[in-house]
Structure formats: structure tokens, C-alpha cells
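Residues per chain, in single letters:
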Amino acid sequence: MVLGDLGKRINRAIRLMSDATVIDEAVVKEMLNEIAKALLEADVNIKYVAQLKNRVLNRVKFEELAAGVNKRKMIQGAVVDELCALLDSGRDPVPLKKGKPNVIMFVGLQGNGKTTSCVKYAHYHQRKGWKTALVCADTFRAGAFDQLKQNATKARIPFYGSYTETDPVKLAIEGVNRFKLDKFELIIVDTSGRHKQEKALFEEMEQMSEAVNPNDVIFVMDSSIGQAAEDQAKAFRSSVSVGSVIVTKLDGHAKGGGALSAVSGTGSPITFIGIGEHMTDFEPFNTQSFVGRLLG
Ligand code: GDP
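Residues numbered from 1 in each chain as written. Predicted model: local features only at pLDDT ≥ 70, side-chain atom pairs only at ≥ 80, totals over all residues. Heavy atoms only, no water.

Where burial is concerned, most of strand β1 (residues 102-107) is hidden: six out of the six residues are buried. On β1, burial covers both faces: N102, I104 and F106 on one face and V103, M105 and V107 on the other are all buried. Bridge analysis of β1 against strand β4 (residues 186-191) gives five bridges, and the strand direction is parallel. Looking at β4, one finds that N102 is bridged to L186. Where β1 meets strand β5 (residues 216-222), four bridges bridge the pair, whose relative direction is parallel. (Buried < 20%, exposed > 50% of the residue type's maximum accessible area, 1.4 Å probe, protein only. Helix = DSSP H or I, 4+ residues; strand = E, 2+ residues; numbered from the N terminus. Pairing = 2+ DSSP bridges.)

Okay, here's the thing in C-alpha cells:
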């Protein structure tokens, strides 16, 4: 995992600070510069990097530190806290309600991993005891229904779709209503994507959202675009009420850190991350445990 390299570099910077005979402001600044370099290389926006440096420095008031305070631990704690803050959207995700039909609409550009993530998300919840179903309302991409059907069948998740219907909104309504009648608790609607952000896509998302009235809209985003994720997340948020984000392909991209921090900066919580092509290459995202693991 490329993100692991970022973790290693941050750890190395912390270790250099810890190993210094005297820990003074110059040593801390040197550590922060090393951390900043690593974050910038992971495509984290310079604005967030500067913020992190200032906040750590503001927390470590050398002249006020009482004798006997473990400076190393305190500074390390401040770095960890600020790395967590970098990934914290400040908003809680929409909670799912057990025993109720939760309709979850997935949106995102084509190729970002939307269909794969729908099935991973369904599989994850099904294993946790949720009665889960998938609706394929992607009529734009040829083969979308086949892909969903194959993966859903593999995971033994009921699905709904059509080879002939061309109206995605009609398909979504039919699928959602059918699964509501059968008392499904989690009805996941996979929608069409487009190659780029374009009017037709956003119009379709708005119509779909009005028609199926989702409990949550999940925006699926490819981490390889790094901090450009900010613009994309904002564009989707301005057309549909995105409640949470799934960031995919964190297994292979040096810009993962940039994407995660950029999305969090837009105020949408990241709820899951995709770390591979397989059904189980999928993890709930929690800032504390993510940073904990990043730093080993
Ligand atoms: P969609 O057009 O947004 O529905 O995208 P797909 O779900 O078809 O995914 C596009 C490609 O990305 C496929 O080859 C997936 O296997 C791959 N993919 C999706 N998520 C991940 C991930 O987390 N890691 C990796 N390495 N590949 C992924």
C-alpha cells in the first residue's frame, strides 16, 4: 500500500525528533518540515499542511512546559491529533436504521469504482445481518447490469435491473419499490456515471434523488486524483445531498493522502475505503484507527 510509505516517512520524522538529545523548537520544526514534505508528496493541499504545522507548534509551548513533562510523548500526541484533524470532516455520517427500508443512492464518475463499491458495501452489511439488495439504475454504461449481476450473484445478494429498460429513474423506482415490499433493510441504488462532470449527469442524479428519496447519497471517488478530489466532491455536493463518501483505489496511489484530506475538507465524512478489486478489499473508515495504522 503506497499510503504505507507516507506513514513510514512520518514515523521517521517523529523518531528523529525523539532521538534528539535536547528537544527544542528547532528540532520540532525540523520534524514538522519532514512531515510536511511527505504530506505534500502525497498531494495534500499546502493549505492543510501549513495548518497542521502551525497547530502542532501552537500546542507545544516550550517556555511553558513544566519540568518533567514528557516532551517526546506530548509532541508525538500533538502530531497524531493533527493528522486525525486533517482527515476529519467534522460531520457524522447518516446512521442506518435497522428494521426500516434504508435507500442508499451511489453517485460518482464512471470508472471510479461505483459498481464495485456498491457490491462491497452490500456484502459488508449483509455479513453484519442486514437484509440487503442491489438495484442497477445505470443504463448509460453498456455492461453495467451484467457487472452488478455477476458480483451480486457471487455475493448472494438479491438484485434488480433490466437489459431493455432505458429510463434509469423508472428502473430505480421499480427496484426500490419491489425491495421495500419485501421488507429489505438496505436497498442500494447504483446510478449511471459519466466520464466527466457534466450537466446531463447532474440532471439525472437530481431526478433520481427526487424519485427514490434516498436516506443517504454516497459519493464514490477514485483516490488517484489527489487533491483535485475537492472540486469533484463539491460539484457532486452541489447537485445532490451527498451524506458520505467512499474513497477507492487506496491500494495503489501515491496521492491517496491528498484525496482523503481534500474530501474531508469539503465536510463530507468518509465512511469506507476501497483497497483492492476484491469484494473484501473494503474497510470502514475511522480517522483515529486509520492514522493509528498508518503510523504502525
Ligand atoms: P464504475 O464505472 O464507477 O462503476 O467503476 P467500476 O466499479 O466498474 O470500477 C472500475 C475499475 O476499478 C474496475 O476495474 C474495478 O475493479 C476497479 N476498482 C474499483 N475499486 C477499486 C479499489 O479499491 N482498488 C483497485 N485497485 N481497483 C478498484
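This part covers the packing of aromatic side chains. The final tally for this structure, using the stated rule, is 11 aromatic pairs. Both rings, one in Y124 and one in F282, keep their centres 6.5 Å apart while their planes meet at 75°; by these two values the pair is edge-to-face. In this pair, Y124 sits in helix α5 (residues 114-127) while F282 sits in strand β8 (residues 282-284), placing the two residues 158 residues apart along the sequence. Owing to a relative accessible area of 22%, Y124 belongs among the partly exposed residues under this scheme. Ring geometry for F285 versus F290: centroids 5.0 Å apart, planes at 50°, classification tilted. (Phe/Tyr/Trp six-rings, centres within 6.5 Å; stacked < 30°, edge-to-face > 60°.)

The terminal C-alpha atoms of α5 lie 20 Å apart, and with 14 residues this matches the ideal 20 Å at 1.5 Å per residue to within 8%. Of all the 14 residues making up α5, 10 are buried; the element is thus mostly covered by neighbouring parts of the structure. K114, T115, S117, C118, V119, K120, Y121, A122, H123 and H125 are the residues of α5 that are buried. Backbone geometry just after α5 places G129 at a positive phi near 95°. (Expected span 1.5 Å × (residues − 1).)

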